[in-house]
Amino acid sequence: MKYDIILAGVGGQGVLSLAAVIAAAAMEEGLQVRQSEVHGMAQRGGAVVSHLRLSDRRIEGDLIPKGGAGMILSMEPLEGLRYLDFLSSGGKLVTSSDPVVNIPDYPEMEELLSVIRKNTEGIVVPSESMAREAGSVKATNMVMIGAAASFLPLRKETLEAAITGLFERKGADVVETNKKAFALGFESGKQAG
Amino acid sequence: MPKQVLLGDEAIALGAIHAGISSAYAYPGTPSTEITEFILEYNRKHDAGLAASWSSNEKTAYEEALGASFVGRRALVCMKHVGLNVAADPFINSALLDIRGGLVLVVADDPGMHSSQNEQDSRYYADFAGIICLEPTNQQEAYEMTAEAFDLSEQFHIPVMIRITTRLAHSRAVVTTGGQRERNPLEKAPDVKKWMLLPALARKQWKNLLEKQSRLEEYTGTSGHNTLELHPEFTDYGVITTGLGKNYYLENLPSLGATPPHLHISAYPVPKEKVARLASGVKKVIVIEEGYPLVEKYLRGILPQQLQIDGKMNQAIPPTGELNPDNIRPALGLKTEEQKKTPGMSLPGRPPQLCRGCPHADTFDTINQAAGTFEKSIVTSDIGCYALGALPPHQAIETIICMGASIGVAKGAAEAGFEPVVATIGDSTFLHSGITPLVDAVANGTPMTVVIMDNSTVAMTGGQETMLESSGIRRLVEGIGVEAEHIRTIIPLKKNAEENVKILREEMEYKGVSVIISIRECLETAKKKRKSGGNA
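Computed from a predicted structure; not experimentally measured.

Parameters at a glance
- Residues numbered from 1 in each chain as written.
- Chains lettered and ligands numbered in written order.
- Predicted model: local features only at pLDDT ≥ 70, side-chain atom pairs only at ≥ 80, totals over all residues.
- Heavy atoms only, no water.
- Axes fitted to C-alpha atoms, helices over the stretch in contact; angles between N-to-C directions.
- Helix = DSSP H or I, 4+ residues; strand = E, 2+ residues; numbered from the N terminus.
- Parallel < 35°, antiparallel > 145°, perpendicular 65-115°, else oblique.
- Left-handed = near helix turned anticlockwise from the far one by under 90°.
- Contact = heavy atoms within 4.5 Å.
- Nonpolar A, V, L, I, M, F, W, Y, C, P; charged D, E, K, R; others polar.
- Buried < 20%, exposed > 50% of the residue type's maximum accessible area, 1.4 Å probe, protein only.
- Polar contact = N/O pair within 3.5 Å; in protein donor to acceptor, adjacent residues only side chain to side chain.
- Pairing = 2+ DSSP bridges.
- Buried area = accessible area lost by both parts, 1.4 Å probe.
- Salt bridge = Lys/Arg side-chain N within 4 Å of Asp/Glu carboxyl O.
- Right-handed = clockwise from strand over helix to strand, strands pointing away.

1. A few points about the packing of helix α13 (residues 405–415) of chain B against helix α15 (residues 435–444) of chain B
All names here are of chain B.
Stage number 1. Running from N to C, α13 and α15 point in directions that differ by 25°, and their axes come no closer than 8 Å. In terms of axis orientation, α13 runs roughly parallel to α15. Remark: the crossing between α13 and α15 carries left-handed chirality. Residues Ile407, Gly408, Lys411 and Glu415 of α13 lie in contact with α15, whose contacting residues are Pro437, Leu438, Asp440, Ala441 and Asn444.
Stage number 2. Of the residues in the contact of α13 with α15, the class split is four nonpolar, two polar and three charged.

2. Examining the side chain of Asp109 of chain B
Residue and element names in this part refer to chain B.
Stage number 1. Position of Asp109 among the secondary structure elements: in strand β5 (residues 103–109).
Stage number 2. In this structure Asp109 comes out as buried when scored by relative accessible area, which is 1%.
Stage number 3. At a separation of 2.6 Å, a polar atom in the side chain of Asp109 contacts the side chain of Ser122.

3. Details of the sheet that holds β5 of chain B
All names here are of chain B.
Stage number 1. Read from one edge to the other, the open sheet built from seven strands follows the order β3-β2-β4-β5-β7-β6-β12, with strand pairing classed as mixed. In the strand order of this sheet, the two ends are held by β3 (51–54) and β12 (267–268), each with one partner.
Stage number 2. Its contacts with the sheet put helix α3 (residues 58–70) on β2 (23–26), β4 (75–80) and β5, and the angle it makes with β4 is roughly 165°.

4. Looking at the packing of α3 of chain B against helix α4 (residues 81–94) of chain B
All names here are of chain B.
Stage number 1. The N-to-C vectors of α3 and α4 enclose an angle of 30°; their axes lie 7 Å apart at closest approach. Relative to α4, α3 is oriented roughly parallel. Viewed along their axes, α3 and α4 form a crossing whose handedness is right-handed. Residues Glu58, Lys59, Tyr62, Glu63 and Leu66 of α3 form the contact with α4, whose own contacting residues are Gly83, Val86, Ala87, Pro90, Phe91 and Ser94.

5. Observations regarding the interface of chain A and chain B
Stage number 1. Each partner contributes to the interface: chain A provides 45 residues, whereas chain B provides 43 residues.
Stage number 2. When the two sides are added together, the surface that chain A and chain B hide from each other amounts to roughly 4000 Å², 56% of it contributed by carbon and sulfur.
Stage number 3. For the pair chain A and chain B, the number of links is four salt bridges.
Stage number 4. One salt bridge connects Glu251 of chain B with Arg53 of chain A, and the closest N-O pair in it is separated by 2.8 Å.
Stage number 5. Linking chain A with chain B are 14 residue pairs in polar contact (both at pLDDT 80 or more).
Stage number 6. Looking at the side of chain A that touches chain B, the elements that each hand over two or more residues are β2 (32–36), β3 (47–55), α2 (77–82), β5 (87–96) and α3 (109–120) of chain A.

6. What about the environment of Tyr124 of chain B?
Residue and element names in this part refer to chain B.
Stage number 1. Its location among the elements puts Tyr124 in helix α5 (residues 123–129).
Stage number 2. In this structure Tyr124 comes out as partly exposed when scored by relative accessible area, which is 32%.
Stage number 3. The spacing of Tyr124 and Val421 is 297 residues in sequence and 37 Å in space, taken between C-alpha atoms.
Stage number 4. Discounting chain neighbours no more than four positions away, the residues touching Tyr124 are Tyr292, Pro293 and Leu294.

7. A word on the pairing of β3 of chain B
All names here are of chain B.
Stage number 1. The side-chain alternation of β3 yields one buried face, formed by Ala52 and Trp54, and one unburied face, formed by Ala51 and Ser53.
Stage number 2. Note that β2 and β3 share four bridges and pair parallel. Bridge assignment links Ala24 to a residue of β3, and that residue is Ala52.
Stage number 3. With helix α2 (residues 33–46) bridging β2 and its parallel neighbour β3, the resulting β-α-β unit is right-handed.

See below:
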């Protein structure tokens, strides 16, 4: 079994915490994990991408080949499309619908969403409003993991446990908010999928 | 043995700690920064008593590590590839010394220039210096090779290089770790004649180093890190990989439908005999190297030969940028995967930019406005977050070459007759290598203005601490001899814009050295400090 995930977003959106939760869950289930990211210049409000590889066998490289990703999981719609050539033919694009408009030529949202829905059968999640519903706008990352969960080769419970593990130190309330965000995202992803 | 998820950088840091280092020095530089950050955090958390700190630049860091080695302790020094250009003087000369306390230099190269001005290959430096270079291909090897590097350093009495690249430095995997080796006792080098490179002594050391080469070659020739897999039934071609090239090759191997002979090189000097054995049974050799075609160039040589060689030098593999599992496929005779999905619309780029509210934005506004009042002007710049001033909306700067160059370049341009000339430089970059060209400028009374963009941090690399705080920088500039009335301090805020432009204009008109220190703390660093309760 192998499952490759491209994680995308804008510098500052917590793309790496998506990776941290999924990786922790994968390791808990005894899988091999490789996760690569780029620091430095990329952090400054620019496009951020991370390659996350899960396998029950030895993983050779840190980079996912084109057409090799079972999923693109993105915090931002434009960034979700940017790595489309990495998506395998049966792969899923799961993206937040909330744009980060920090460039002058950002495309029209309608066009962007229509391309995502039609060309990729992508799943679009209003992560910010769901995070608010769960109790904190900071929980968008967990909404997105929830949305992805139905398609990941990992048990829902393991992901939830990984979320608890990540936020334990911040107290029971924070854990609850993030678990709720996960649950809302999960429902959304399951329905759309 | 405990398992941990570690970045390649962190695996090296932990490997060094477990190998019993006493000292660690570095200057921040992507993708090497996290090595020293890990060591500093470990030192703080475990009260480990390591002499570990950031230095002003890679040269001082290397020399400080040499000092620890001189008294018998194991020392680690880390930098990015261009940082080794700065440390090259002590580095090349240290190969001539009699190293007793293991000295390991970790250099993190940046193929594809994710955050660098070039993609130079540090293996050349190891070759140039005549020392061993180890190149891990995954996080576990990074951990283990670091310990081995210290042993080799003490065995052969030379510094040893570990060379990694961005993809390994910034990629995480599970590492199985081992026990803690004791630190070396304090013991001055037994023969100080071997630490003094007066010509008469240096000639002996050089001869010594040359004689050592055959022993180094014997080590790499038999090392398990240079794995040769022969398949005599397959004669079409053989594959030589170095660094992460191996990983991308193995990723594609199942698609080949056969198993070609394969030599992987992780320990240099290049194992000549293994190369010859690989090449002897095949018509062609494909060289898959992450970095410059160092091994490939050796193979090609100058004299004609029968063996066909495919690699970067004949464009079988792209000669620029980093390797990936896709771009090596054509060289292996594999079709590139058909891309089934395209967005069907053009996607605008999203380059890095200054954070919203960054003090540099205000300083650049001031510079643009002031420069705009002159018929022509030059604004040189340097390496750091402020280099993003090259991009819209600022487009305020005109040169970015290497650490500290802004001041020297400005001096040269001004003395060649151009005016006005403004050099922009960050506070950490200034301390790194901007002081000496300012000394030059003062000595010559050059008509130029230096703007020190002081955000009190090493920002681009993640907010490490600088060596001297703002008031210290001012005293330093005074001490160099810049006239007090031409040292101006401004606070880069919108409300000060008009006044700041006036000040800069005045100094740009002044026909002597002027320094403007533009002071406002980096927002990111300030945020980090608040989060950690003031203990940044």
